[in-house]
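# Inside the fold
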Amino acid sequence: MAKIKITLTKSPIGYEKTQREIARTLGLRKLQSSVVQEDTPDILGKVRRIAHLVTVESAAE
């Protein structure tokens, strides 16, 4: 399955609590931190909810 690299580019402070929690569940703790996740509907849904806080790119497998 394809993988995506998710990077937290904007602070979730000042946004809804659910958006802060989504960033945490994805594994994003600090600004400019990155995680590589599977390209599943669950992960893509979470990324869509916080799209204004993150950048997404395809990861090399």
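The following refers to the structure shown. (Residues numbered from 1 in each chain as written. Predicted model: local features only at pLDDT ≥ 70, side-chain atom pairs only at ≥ 80, totals over all residues. Heavy atoms only, no water.)

## A few points about the sheet that holds strand β2 (residues 34-38)
In space, the three strands of this open sheet follow the order β2-β1-β3, with antiparallel pairing throughout. The open sheet terminates on both sides in strands that have one partner only, identified here as β2 and β3 (54-58). Each strand axis lies, on average, 25 degrees off the axis of its neighbour in the sheet, ignoring direction. Direction of pairing for strand β1 (residues 3-8) relative to β2: antiparallel, over a ladder of five bridges. By the bridge assignment, I6 is partnered in β2 with V35. Here helix α2 (residues 41-49) sits on the sheet in contact with β1, β2 and β3, set at roughly 25 degrees to β1. (Pairing = 2+ DSSP bridges. Helix = DSSP H or I, 4+ residues; strand = E, 2+ residues; numbered from the N terminus. Axes fitted to C-alpha atoms, helices over the stretch in contact; angles between N-to-C directions. Contact = heavy atoms within 4.5 Å.)

## Points about the nonpolar core
Counting 13 residues, the largest nonpolar core has I6, L26, L28, I43, V47, I50 and V54 as the members making the most contacts within it. The set of elements that each furnish at least two residues to this core consists of β1, α1 (17-25) and α2. Tallying contributions element by element places β1 first for this core, with three residues. When sequence neighbours within four positions are dropped, the list of residues in contact with I50 reads Q19, I22, A23 and L26. (Core = buried A, V, L, I, M, F, W, Y, C linked by side-chain atoms within 4.5 Å. Buried < 20%, exposed > 50% of the residue type's maximum accessible area, 1.4 Å probe, protein only.)

## Observations concerning the pattern of salt bridges
Side chains carrying opposite charge are able to pair once their charged atoms draw close together. By the definition in use, this model includes three salt bridges. In this structure, the salt-bridge partner of E21 is K17, at a minimum N-O distance of 4.0 Å. Placement of the pair is E21 and K17 together in helix α1, with a separation of four residues, close to one helical turn. By relative accessible area, E21 is classed as partly exposed at 41%. (Salt bridge = Lys/Arg side-chain N within 4 Å of Asp/Glu carboxyl O.)

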